[in-house]
Amino acid sequence: MADIQLRVGELQPLVQEIVREVINELTDMNSLIHGKLALSENKAAELLELNQWQLRDLRLAGKIGFSRIVGNRIRYSIVDLLDYLRRNHHPGKFDI
C-alpha cells in the first residue's frame, strides 16, 4: 500500500473544483423534474407518493407551495416539493 502525503494547499484546488462541479450538477437537476420545470398536481402527487386529493388538500391548507399558470392550472416546482419535505422532516434515531 502506498503512503501518499499531500499538503492542504495542494489538495484545496482539487476539492474546490469537485465541490463546484457537484453543485453545478445538482443545480441543473433541481431545476428539472422529468425534463420539465414544473409538474401537474397528479405528477407531483406521484413523486410524493400521495393521492392527488391529498396534495390538493395540502395546497388548499397552505402547507405546500405551488404556481398558477395560464388557464389557472396548478403546477409544482422541485423547490415546492423539496421545501414541503424539508419543513416536515423529523430526524430519526439510528440504533445499531
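Structure shown above.
Please read these numbers as outputs of a predicted model, since none were measured by experiment. (Residues numbered from 1 in each chain as written. Predicted model: local features only at pLDDT ≥ 70, side-chain atom pairs only at ≥ 80, totals over all residues. Heavy atoms only, no water.)

Enquirer: Would you mind showing me how to read the pattern of salt bridges here?
Expert: Think of it this way: side chains of opposite charge can pair up when their charged atoms draw near. On inspection of all chains with the given rule, the structure shows four salt bridges. The residue Asp 57 makes a salt bridge to Arg 56 at a minimum N-O spacing of 2.8 Å. On the accessibility criterion, Asp 57 (33% relative accessible area) is partly exposed. A relative accessible area of 35% places Arg 56 in the partly exposed class. (Salt bridge = Lys/Arg side-chain N within 4 Å of Asp/Glu carboxyl O. Buried < 20%, exposed > 50% of the residue type's maximum accessible area, 1.4 Å probe, protein only.)

Enquirer: Just checking my understanding: could you explain a nonpolar patch on the surface for this structure?
Expert: There is a patch of nonpolar side chains on the surface, built from Ile 4, Leu 6, Leu 11, Leu 14, Val 15, Ile 18, Val 19, Val 22, Ile 23 and Leu 26 and spanning about 910 Å² of accessible area. You can see Leu 11 is positioned in helix α1 (residues 8-30). (Patch = residues over 30% accessible without salt bridge, like charges linked within 9 Å, V, L, I, M, F, W, Y side chains within 5 Å. Areas by Shrake-Rupley, 256 points an atom, 1.4 Å probe, with all protein chains shown as cover. Helix = DSSP H or I, 4+ residues; strand = E, 2+ residues; numbered from the N terminus.)

Enquirer: Please clarify how helix α4 (residues 78-87) should be interpreted in this entry.
Expert: Ile 78, Asp 80, Leu 81 and Tyr 84 are the residues of α4 that are buried. One side of α4 carries all its buried residues, which in axial view fall inside an arc of 165°. Residues of α4 that are exposed and angled more than 90 degrees away from the buried face: Arg 86 and Arg 87. (Arc of directions from axis to C-beta.)

Enquirer: When you look at the nonpolar core in this model, what are you seeing that I'm missing?
Expert: Most often, soluble globular proteins keep nonpolar side chains buried together rather than apart. With 11 residues, the main nonpolar core is built from Leu 39, Ala 44, Ala 45, Leu 48, Leu 55, Leu 58, Ile 64, Ile 74, Tyr 76, Leu 81 and Tyr 84. Looking at this core, the elements that each hand over two or more residues are α2 (41-47), α3 (52-60) and α4. (Core = buried A, V, L, I, M, F, W, Y, C linked by side-chain atoms within 4.5 Å.)

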